[in-house]
Amino acid sequence: MTPPLFLVPDLGTGATIELTGAEAHHAGTVKRLRVGESALLADGRGGLAEARVAALGKDRVSFTVEHRRQVAQPTPRFTVVQALPKGERAELAVEVLTELGVDEIVPWSAARSVSSWKQDRVSKGVAKWQRTATEAAKQSRRAWIPQVAELAGTEQVASRISSAGLALVLDSDAAVPLAELAGTAGFAGRHAGEPAAEPFAGVLLVVGPEGGITADELARFQQAGAQLARLGSPVLRTSTAGAAALAVLSVAVGRWR
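### Re the overall build of the protein
When its secondary structure is counted, the protein shows 7 helices and 11 strands. The C-alpha atoms of the protein give a radius of gyration of 20 Å, which matches the 18 Å a tight globule of 257 residues would have. Within the protein, the fraction of its 257 residues that count as buried is 47%. Of the roughly 12800 Å² of accessible surface on the protein, a fraction of 50% belongs to carbon and sulfur atoms. Across the protein, 28 positive and 26 negative side-chain charges occur, with their mean positions spaced 4 Å apart.

Structural data, given as structure tokens:
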């Protein structure tokens, strides 16, 4: 079983690393680590250390570092524009996107979003999504913690589409399935079954709300350069559609090799 992962502000260069605060409580009380047990320590920016518990205190845990390394940031970069889901489905969306490898999540206030963040809730909403992404990154043993951007409107999403290496919009009525698009010779600048000669700078994926993306929004995104793609016959919820698409894309661009 893979050892649990804990976050530290800085991995440093010394032979020991000490956890304090909430992470120490999680390691010692929640995970109940014991002296000699293994753990992973990460700074959230690619730094990763394999370590063993050296000592346990009331509010701190000391580790002996066995190996340090820098994990390269995966390429191409995955950004998901996620229309605001309702209730607890928002946390589910952020969790599964993080577990499936997203690098950045952009909350989107779509025309048909049931949920909305009023002006006084925007900063709290972003902070909550970031906490959820951080915890999901720890659970999935990720050395890189995905970032949650500020709340975007449709024009801001269109601007991101214009500057993306590849922009895809999930649409259940699209003529081309995502799996078919991912298997074409031109996808990711490669021939089918071969790694890309020059990886995309990034892939941007737009996931609409439960009520769907409006015709005006689709037209605006296509005008900005996005391609429409559908997942398949089952109609997925907004909280799971993005994760399913990331799985398809991860295989297609070689991130899961």
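### So, the confidence of the model for the protein
Residue-level pLDDT values for the protein average 89, and 93% of them are 70 or greater. Throughout residues 188–199 the model reports pLDDT below 50, and contacts reaching past four residues in sequence, or to other chains, amount to 22 contacts.

### Observations concerning the pattern of salt bridges
This structure, assessed with the given rule, holds 12 salt bridges. Residue K138 pairs with E135 through a salt bridge whose shortest N-O separation is 3.8 Å. Placement of the pair is K138 and E135 together in helix α3 (residues 122–139), with a separation of 3 residues, close to one helical turn. Owing to a relative accessible area of 5%, K138 belongs among the buried residues under this scheme.

### Side note on the packing of aromatic side chains
Under the counting rule described, the total for this entry stands at 2 aromatic pairs. Look at W117 and W129: their rings are 5.3 Å apart centre to centre, the planes differ by 80 degrees, and that puts the pair in the edge-to-face class. Residue W117 is located in the loop between β7 (104–108) and α3, and its partner W129 is located in helix α3; the two are separated by 12 residues in the primary sequence. Neither W117 nor W129 differs from the other in exposure class; each is buried.

### Remarks on the pairing of strand β4 (residues 47–56)
Bridge analysis of strand β3 (residues 38–42) against β4 gives 5 bridges, and the strand direction is antiparallel. By the bridge assignment for β4, A39 is matched with A51. Sheet analysis places β4 next to strand β5 (residues 60–70), joined by 9 bridges and oriented antiparallel. Considered in β5, the bridge of E50 is made with H67. In this antiparallel pair of consecutive strands, β4 and β5, the connection spans 3 residues.

### Observations concerning the nonpolar core
Most often, soluble globular proteins keep nonpolar side chains buried together rather than apart. Counting 28 residues, the largest nonpolar core has V80, W129, L168, L178, L205 and L246 as its most contacted members. In this view, L178 contacts L168, A229, R230, L231, A245, V248 and L249; residues no more than four positions away in its chain are not counted. Listed in part, the 19 residues of the second largest apolar core include W108, A167, L204 and L218.

### Focus on the sheet that holds strand β8 (residues 147–148)
Strands sit in the order β8-β7-β6-β10-β9-β11 across an open sheet of 6 strands; the sheet is parallel. Each edge of the sheet is formed by a strand with only one pairing partner; in this case those strands are β8 and β11 (227–229). Looking at chain direction, strand β6 (residues 77–83) and strand β10 (residues 202–207) are connected through 6 bridges and run parallel. Looking at the pairing, V80 lines up with L205 of β10.

### Thoughts on the pairing of β10
Taking burial as the measure, the 6 residues of β10 include 6 buried ones, the bulk of the element. Side chains G202, L204 and V206 of β10 all project onto a buried face; the interleaved residues V203, L205 and V207 project onto the opposite face, where all are buried too. The sheet contact formed by strand β9 (residues 166–170) and β10 spans 4 bridges and is parallel. Bridge pairing in β10 places L168 opposite L205.

### Considering unusual backbone geometry
Leave glycine aside and you will find that most residues have negative phi; peptide bonds, for their part, are mostly trans. The omega angle of the peptide bond from T75 to P76 is -5 degrees, so this bond is cis rather than trans. In this structure, R32 takes a positive phi of about 55 degrees despite not being glycine. Mapped onto the elements, R32 comes out in the loop between α1 (21–30) and β3. The backbone of R141 shows a phi angle near 60 degrees, a positive value even though the residue is not glycine. For R141, the position within the fold is in the loop between α3 and β8.

Quick notes on the rules
- Residues numbered from 1 in each chain as written.
- Predicted model: local features only at pLDDT ≥ 70, side-chain atom pairs only at ≥ 80, totals over all residues.
- Heavy atoms only, no water.
- Helix = DSSP H or I, 4+ residues; strand = E, 2+ residues; numbered from the N terminus.
- Rg over C-alpha atoms; globule rule 2.2 N^0.38 Å.
- Buried < 20%, exposed > 50% of the residue type's maximum accessible area, 1.4 Å probe, protein only.
- Areas by Shrake-Rupley, 256 points an atom, 1.4 Å probe, with all protein chains shown as cover.
- Lys, Arg positive; Asp, Glu negative; His and termini not counted.
- Charge placed at Lys NZ, Arg CZ, Asp CG, Glu CD.
- pLDDT = per-residue confidence, 0-100.
- Contact = heavy atoms within 4.5 Å.
- Salt bridge = Lys/Arg side-chain N within 4 Å of Asp/Glu carboxyl O.
- Phe/Tyr/Trp six-rings, centres within 6.5 Å; stacked < 30°, edge-to-face > 60°.
- Pairing = 2+ DSSP bridges.
- Core = buried A, V, L, I, M, F, W, Y, C linked by side-chain atoms within 4.5 Å.

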